[in-house]
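Topology and contacts: notes
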Amino acid sequence: MNRQSSILVIASTLALAAPSFAATDFSGLVKTFAGVVRSFEDLDAKRAQMDSDINKALNAGQLSAADAATLKSELAALEQREAQLKLSGKKFGFTQQLLFTNDVNMLNNRIAQAIASKTNA
């Protein structure tokens, strides 16, 4: 499958999996595709960035300790799934790209929503 077809399949799946995703503007859509998880290294980098975002928001008072703990728990679950995949010896294939991309995007959205709700409160 070529790259364009892969992106089309990912876009279709994400649009079906998250109805609110379909309502995002074009720049958000482009940003999402730029964030496709293509390897374990990509996943590690995105997890580290989300962890940093949570810590910065907590330290800035944009997240409560309880919200940060919940988000970090979700981040740990993502890390656990990655560890299980690595231990299984399976390659980071298209299915894993799709699943981890969706999980990372959903968690990033929850982080942004938690920050926005605390900031706007």
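Sequence order as written defines residue numbering, which begins from 1 separately in each chain. Reporting of local features is limited, given that this is a predicted model, to residues whose pLDDT is at least 70; pairs of side-chain atoms are given and counted only at 80 or more, and all residues count toward the totals for whole chains, interfaces and linings. No hydrogens and no water enter the side-chain calculation; it runs on all heavy atoms of the structure.

**Here we look at the nonpolar core**
Heads up, the rule is: Among the buried residues, those of types Ala, Val, Leu, Ile, Met, Phe, Trp, Tyr and Cys that are joined through side-chain atoms within 4.5 Å form a nonpolar core. When a residue's accessible area, from a 1.4 Å probe over protein chains only, is under 20% of the maximum for its type it is buried; when over 50% it is exposed; and in between it is partly exposed. Only DSSP runs of H or I reaching four residues or more are called helices, and only runs of E reaching two or more are called strands; each is numbered from the N terminus. Here, two residues are considered to be in contact whenever any of their heavy atoms come within 4.5 Å of each other.
Judged by nonpolar contacts, the single largest core of 19 residues is most densely connected at Met50, Ile54, Leu63, Leu71, Phe100 and Ile111. Elements that contribute at least two residues to this core include exactly helix H4 (40–59), helix H5 (65–88) and helix H6 (94–119). Here this core takes six residues from H6, the largest share from any one element. With residues near it in sequence (within four places) discarded, Met50 still touches Leu75, Leu78, Val104, Leu107, Asn108 and Ile111.

**Thoughts on the confidence of the model for the chain**
Rules: Values of pLDDT, ranging from 0 to 100, describe the predictor's confidence in every residue of the model.
For the chain, per-residue confidence averages 81 on the pLDDT scale, and 70% of positions sit at 70 or higher. Mean pLDDT values for the elements of the chain range from 45 in helix H2 (residues 19–22) up to 95 in H5. In the model, residues 19–27 has pLDDT below 50 throughout and makes six contacts with residues more than four positions away in sequence or in other chains.

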